[in-house]
Amino acid sequence: MSTLLEAHNIRVSFKKENQTRLFGKERQQVLRGISLHLEEGECLGIIGESGSGKSTLGRVLSGLLRPEEGTITLDGQDLYGHHTRAEARALRHMLSVVFQDYTSSTNPRFRVSSIIGESLRALEHATGERIDRKRRVAELLEQVGLPESFAIRYPHELSGGQLQRVCIARALAIRPRIILLDEAISSLDASTQVQVMDLLAALRRELSLSYLFITHDLTSITYLCDRVVFMNQGEIVEQVDDITKIASITSPYARQLLEAVMGIGCEHGSGQEQASDEAWVA
Ligand SMILES: Nc1ncnc2c1ncn2[C@@H]1O[C@H](COP(=O)(O)OP(=O)(O)OP(=O)(O)O)[C@@H](O)[C@H]1O
Ligand SMILES: [Mg+2]
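Residues numbered from 1 in each chain as written. Chains lettered and ligands numbered in written order. Predicted model: local features only at pLDDT ≥ 70, side-chain atom pairs only at ≥ 80, totals over all residues. Heavy atoms only, no water.

Now for the site of ligand 1. Around ligand 1, the neighbouring residues are Phe14, Gln28, Val30, Glu49, Ser50, Gly51, Ser52, Gly53, Lys54, Ser55, Thr56 and Glu183. Contact between ligand 1 and Gln28: an oxygen atom at 3.0 Å from a side-chain N or O atom of the residue. Relative to its unbound accessible area of 640 Å², ligand 1 is 63% covered by the protein chains. Residue assignment for the shell around ligand 1 shows that the elements contributing at least two residues are strand E2 (27-39) and helix H1 (54-61). For the shell around ligand 1, the element with the most residues is H1, which contributes 3 residues. For the shell around ligand 1, the residue count by class is 2 nonpolar, 7 polar and 3 charged. (Near = heavy atom within 4 Å. Polar contact = N/O pair within 3.5 Å; in protein donor to acceptor, adjacent residues only side chain to side chain. Areas by Shrake-Rupley, 256 points an atom, 1.4 Å probe, with all protein chains shown as cover. Helix = DSSP H or I, 4+ residues; strand = E, 2+ residues; numbered from the N terminus. Nonpolar A, V, L, I, M, F, W, Y, C, P; charged D, E, K, R; others polar.)

Shown next, in the form of structure tokens:
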């Protein structure tokens, strides 16, 4: 296995809002020296409670937010270094992101074919290759367990689980090596979550993908991930390199999250979406 992504000593702060002084310079330290690595083919879970800095870290790792300090290396190249246009594009296409909010991340006026087609157009532009978009959209839909006929649907004509599958197809369209999933299954009910996680596990095997899986839910981490880091107030407070040893965590924060999971283990969603989604599981 080789290291695909490496973050070293990442620091990010934001200007504090509501400062009493007019030109207040106080800053909130959101990431305080985060270091982590992602190996080829693995799934790394990043867990922490709300506000611990997970999404900020996700933005840094996906090239959307330059950190004040620290370096990110993607396949041996400095993500925020100087690159030619072609190198920058190649780096951008190494990693795709899937967000929690599938509704706002898809244009309601676009059909599924255009939502996925946008990414294909970007790939064509970046690589100069000609893509048969209609055929590729159908292939991608099939890969995420949806029928080809869904290409002409609009987002409101899909269930949450189906729309998130479309977002996964869009993420796959650029042929990334890494997918960063930021709470990507958190809005789905429990049974749909399991179906989407099974899909992600299958895609990972078929396409040799690596995942950065951001969540506040330890159950999904144990289902999908090989390793996990626990974030608290912008720091990694514990990491487990073998997910089967999750019970051996020692830090009080990580234990608290583990015990919370055990406590709420039976509290699931309505399961209403199961019937509509089940038919389209790959
Ligand atoms: N652009 C920004 N400007 C100012 N503060 C920000 C910005 N982005 C994030 N923050 C602050 O950084 C902290 C961490 O936010 P972040 O979204 O990374 O947390 P999170 O762990 O993803 O939380 P959640 O689980 O609720 O999604 C929060 O206090 C947030 O208010
Ligand atoms: Mg977040």
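Moving on, we come to the sheet that holds strand E10 (residues 235-240). If you walk across this open sheet you meet the 6 strands as E6-E7-E8-E3-E9-E10, and the pairing is mixed. With partners counted over all chains shown, the strands left at the sheet margins are strand E6 (95-99) and E10, one partner each. On average, each strand axis in the sheet is tilted by 20° relative to the strand beside it, whichever way the strands run. Here E6 runs beside strand E7 (residues 178-182); their pairing, made up of 5 bridges, is parallel. Across the sheet, residue Val98 finds its bridge partner in E7, namely Leu181. (Pairing = 2+ DSSP bridges. Axes fitted to C-alpha atoms, helices over the stretch in contact; angles between N-to-C directions.)

A word on the sheet that holds strand E1 (residues 3-15). With antiparallel pairing, 4 strands are arranged side by side in an open sheet as E2-E1-E4-E5. A single partner strand is all that each edge strand has here, and the edge strands are E2 and strand E5 (77-78). Bridge count for E1 against strand E4 (residues 69-74) is 5 bridges, and the pairing is antiparallel. Paired with Glu6 across the bridge in E4 is Thr73.

This part is about the pairing of strand E8 (residues 210-215). Of all 6 residues that make up E8, 6 are buried, and the element is covered over most of its length. Where burial is concerned, the two faces of E8 agree: the one with Ser210, Leu212 and Ile214 and the one with Tyr211, Phe213 and Thr215 are both buried. Pairing analysis gives 5 bridges linking strand E3 (residues 43-48) to E8, with the strands arranged parallel. In the strand pairing of E8, Ile46 is matched with Ile214. Summarising the sheet, E7 and E8 pair through 5 bridges and their orientation is parallel. Bridging from a neighbouring strand, Ile178 pairs with Ser210 of E8. (Buried < 20%, exposed > 50% of the residue type's maximum accessible area, 1.4 Å probe, protein only.)

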